[in-house]
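Observations on the model geometry
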Amino acid sequence: MSVLLEVNGLDVRFETPEGEVHAVRGLNFSLQPGETLAIVGESGSGKSQAMLAILGLLAENGAATGQARFKGEDLMAMTPQELNRHRGRDIAMIFQDPMTSLNPYLSIERQMIEVAMHHQGLGRREARTHAIEMLRAVRIPDPETRIRQYPHEFSGGMRQRIMIAIGLLCEPDVLIADEPTTALDVTVQSQLAALVDEVVARSNMAAILITHDLGVVAGMSDRVLVMYAGEVVEYGTVEQIYAQPLHPYTRGLIDSVPRLDREDHEALHAIPGNPPNMLALPPGCSFRERCAHAFEACAEAPELSEPGEGRLKRCHLEKAP
Amino acid sequence: MTLDQGLVRQLTRRLLGVVPTLLLLITVVFFLVRVAPGGPFDTEKALPPEIQANLEAKYHLDEPLLQQYFRYLGQILVLDFGPSFQYKDWTVNELIAQGFPVSLTIGGVAMLLGFVFGVGIGVGAALRQNSAADFTTMGFAMLGVSIPNFVVAPVLILLFAVYAGWLPAGGWDWSWRSAVLPVVTLALPVIAYIARLMRGSMIEVLHSNFIRTARAKGLPERQVILRHALKPALLPVISYMGPATAALITGSVVVERIFSIPGLGSYFVQGALNRDYTLVMGVVLFYGVLIIALNVVVDLLYSILNPKIAYEEL
Ligand SMILES: Nc1ncnc2c1ncn2[C@@H]1O[C@H](COP(=O)(O)OP(=O)(O)OP(=O)(O)O)[C@@H](O)[C@H]1O
Ligand code: SF4
Ligand SMILES: [Mg+2]
């Protein structure tokens, strides 16, 4: 099958008063129609900025280079007007901050129907009916009434459901779902993840799920891309990654997944240490300071290698950790 | 409960809350004008004592201060500001009715221009942030805010009345030609101020997450600005406009003097110079009531624009 979205050599840089932040470094990945890709990594690893860069939504101090071919057309070479033909219609993104991503001054109805009216040419009445359907699909109770309300009248979890409903309005080819990690409690988070999984499976669209938690993606995705300090450190199918992680960081992420079959399901095995300072990346492997397997060769930054069919890793180790 | 009922209730509550403020204002003004040295009937030549006494008796100035104060409060209750001391045969109510429409017209038009141009220029500059056009307009806006009326007015008179001869240098005959220069003088700093305010708040709003959401929906930039950004960006401008409108429509003392316009501002100056107690108090109270009323209007507009406030008030 042909590739739906292909990202090549994506770099994202931010100019800050303290210096340049190189937030995404040479990201490559591809997405097949109907496929679900999970992008996993700790906070600050560049997951969100990579997605925003593809959609031309970086903050003013950010700049991106590289290519992102959607059905063969490079999104990153497009003008904002050209991008607008795809944003919200072919590619929808659900942002990670439910508390601030909806416009507090407009009713939910206004924020939903504008999408259907603009991209699908629906009239106001039809657009409203369609919006109500979508709210029902994400299980907002009493959508006919609640569609008239404003964001502050909804809880964080409900707002995120509304964001999902907005994303689904035009039945996009690609749904990018950035998991809210703050502002919501864990139960609500996992309900939302299950909901995204459900709508993606039902409509057979391709999806990119962004998360901190490898546990979340296990049952939901086909492939996993692990990011660390702006780079891909490992890539493979869910089965491969779980059965045999090839990068010490991935190993750490798997060990930090809370497991129900163990007494201590409180993520006791969180990876020690912190991600490197993006303003002053150390030379060599960027995971070196936290890696239990580091050896002399690690003073040299490892290249991405292909240890097997459809697998990638960025580590000097010969054997799996 | 419907929004309308909520608004009515909110309005009633606000109006009741205004009573103590007004009472305080009346009291302060009443005693302040009397503390100022000099009296209404002091002239170059001292009046014969019996005439002075007659006059004071006629206007109750011979009564103890407290008695005068309560007399005045009683008058205010029936919306009567009393007779002017200086303009014989005129009541203060009549003087205000005479001067206010003039000031209201000049100030109202100036405010309207200030709003329309200020918002337009501010939005334009925000959308071209840090471009040459942005720096130029904001440079002019800075000038507009800092150059006082008494400098702008004579310059305009020189250019358009004296040299070009297109417009009258002063006077007021309810024609548009007599209104242009005073209106422009008043409007320029308002345009400049609103433009700066609007630019800042628009830039801030454009950085919000919900604007990024609007862009992610693939909406045209026009819609992103007009539908999603304009309303929140207008809020600071609206709060500025309450008191600013009150100040403008009650007549700028400086501008009305320079252009010899018989507005409320002129009466106020005359009243103050002549110790015309009732006139000064009347104009100040009128101004106070307008400020309060316009602030209530601003609050109402706010709650209409901001669903969160409307919701909390209900
Ligand atoms: N406007 C900006 N200016 C400077 N640096 C930025 C800016 N936006 C993001 N960054 C930096 O880019 C890096 C990657 O951020 P990103 O938002 O992609 O992280 P993330 O992987 O999505 O993390 P999280 O899981 O917490 O959402 C971080 O170090 C962040 O501080
Ligand atoms: S390259 Fe070395 S330091 Fe980096 S992850 Fe592999 S073993 Fe650890
Ligand atoms: Mg993120």
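Residues numbered from 1 in each chain as written. Chains lettered and ligands numbered in written order. Predicted model: local features only at pLDDT ≥ 70, side-chain atom pairs only at ≥ 80, totals over all residues. Heavy atoms only, no water.

From N to C terminus, chain A includes 10 helices and 12 strands. Taken over C-alpha atoms, the radius of gyration comes to 20 Å for chain A, in line with the 20 Å a tight globule of 321 residues would show. Taking the principal axes of its C-alpha atoms as reference, chain A extends roughly 65 × 50 × 45 Å. Scored against the burial criterion, the 321 residues of chain A give a buried share of 51%. (Helix = DSSP H or I, 4+ residues; strand = E, 2+ residues; numbered from the N terminus. Rg over C-alpha atoms; globule rule 2.2 N^0.38 Å. Buried < 20%, exposed > 50% of the residue type's maximum accessible area, 1.4 Å probe, protein only.)

On to the layout of surface pockets, then. Volume-wise, the largest pocket comes out at about 840 Å³. Sort the elements by how many residues they give to the lining of the largest pocket and helix 1 (residues 47-54) of chain A lands first, with 4 residues. Among the residues forming the lining of the largest pocket, the class breakdown is 17 nonpolar, 9 polar and 5 charged. By volume, the second largest pocket is sized at about 500 Å³. Lining the second largest pocket we find 18 residues, and of these Leu22(B), Ile26(B), Ile76(B), Leu79(B) and Val289(B) sit closest to its centre. (1 Å grid on protein atoms, 1.4 Å probe; cavity = no way out; pocket = protein on both sides within 12 Å on 5 of 7 lines; lining within 4 Å. Points joined across faces, edges and corners; volume = space filled by probe spheres on them. Nonpolar A, V, L, I, M, F, W, Y, C, P; charged D, E, K, R; others polar.)

Next up on the list: the interface of chain A and chain B. Taken together, the contact between chain A and chain B spans 26 residues of the former and 23 residues of the latter. Across the chain A to chain B interface the summed buried area is about 2300 Å²; carbon plus sulfur atoms make up 59%. The largest per-residue losses of area from chain A upon contact with chain B belong to Tyr105(A), Glu114(A) and His152(A), which jointly make up 30% of the total buried on that side. Along the contact surface separating chain A from chain B lie 2 salt bridges. Salt-bridge contacts for Arg227(B) lead to Glu114(A); the nearest nitrogen and oxygen are separated by 2.7 Å. Where chain A meets chain B, there are 15 residue pairs in polar contact (both at pLDDT 80 or more). Elements with a contribution of two residues or more to the side of chain A that touches chain B: helix 3 (108-120) and helix 6 (156-168) of chain A. Considering each element in turn, the side of chain A that touches chain B owes the most residues, 6 residues, to helix 3 of chain A. Tallied by class, residues from the side of chain A that touches chain B come to 11 nonpolar, 9 polar and 6 charged. (Contact = heavy atoms within 4.5 Å. Buried area = accessible area lost by both parts, 1.4 Å probe. Salt bridge = Lys/Arg side-chain N within 4 Å of Asp/Glu carboxyl O. Polar contact = N/O pair within 3.5 Å; in protein donor to acceptor, adjacent residues only side chain to side chain.)

This brings us to the site of ligand 1. Residue and element names in this part refer to chain A. Close contacts around ligand 1 come from 16 residues, with Ser 43, Gly 44, Ser 48, Gln 96 and His 212 the closest. Within the backbone of Gln 49, an N or O atom sits 2.9 Å from an oxygen atom of ligand 1. Compared with its free state, where it exposes 630 Å², ligand 1 has 74% of that area covered by protein. Elements that contribute at least two residues to the shell around ligand 1 include exactly strand 1 (5-16) and helix 1. No other element matches helix 1, which puts 3 residues into the shell around ligand 1. Considered class by class, the residues forming the shell around ligand 1 number 4 nonpolar, 10 polar and 2 charged. (Near = heavy atom within 4 Å. Areas by Shrake-Rupley, 256 points an atom, 1.4 Å probe, with all protein chains shown as cover.)

Residue and element names in this part refer to chain A. Contact geometry of helix 6 with helix 7 (residues 186-203) gives a least axis separation of 10 Å together with a crossing angle of 15°. The angle between the axes of helix 6 and helix 7 places the two elements in the roughly parallel class. The chirality of how helix 6 crosses helix 7 is right-handed. Of the residues in helix 7, those touching helix 6 at Gly 157, Gln 160, Arg 161, Ile 164 and Leu 168 are Val 188, Gln 191, Leu 192, Leu 195, Val 196 and Val 199. Here the contact of helix 6 with helix 7 is composed, by residue class, of 7 nonpolar, 3 polar and 1 charged. (Axes fitted to C-alpha atoms, helices over the stretch in contact; angles between N-to-C directions. Parallel < 35°, antiparallel > 145°, perpendicular 65-115°, else oblique. Left-handed = near helix turned anticlockwise from the far one by under 90°.)

Before going further, it helps to examine the packing of helix 3 of chain A against helix 6 of chain A. Residue and element names in this part refer to chain A. Taken N-terminus to C-terminus, the directions of helix 3 and helix 6 make an angle of 20°; their axes are 9 Å apart at the nearest point. Taken together, helix 3 and helix 6 sit at an angle that is classed as roughly parallel. As helix 3 runs across helix 6, the sense of the crossing is right-handed. For the pair helix 3 and helix 6, contact is made by Ile 108, Gln 111, Met 112 and Val 115 and by Ile 162, Ala 165 and Ile 166, respectively. For the contact of helix 3 with helix 6, a count of residues per class yields 6 nonpolar, 1 polar and no charged.

All names here are of chain B. Within the secondary structure, Glu 256 is located in helix 10 (residues 253-258). It is 16 Å that separates the C-alpha atoms of Glu 256 and Leu 273, two residues lying 17 residues apart in sequence. With near-sequence residues (within four places) excluded, Glu 256 lies in contact with Ser 103, Gly 251, Ile 261, Gly 263, Leu 264, Gly 265 and Ser 266.

Let us now look at the coordination of the magnesium ion (ligand 3). Residue and element names in this part refer to chain A. Ser 48 (OG) and Gln 96 (OE1) make up the full set of protein donors to the magnesium ion (ligand 3), lying at 1.9 to 2.1 Å. Of this pair, Ser 48 sits in helix 1 while Gln 96 is found in the loop between strand 6 (91-94) and helix 3, placing the two residues 48 residues apart along the sequence. Overall, Ser 48 belongs to the buried group, its relative accessible area being 15%. Gln 96 sits in the partly exposed class, given a relative accessible area of 31%. (Donors = N, O, S within 2.8 Å, 3.2 Å for Na, K, Ca; no water.)

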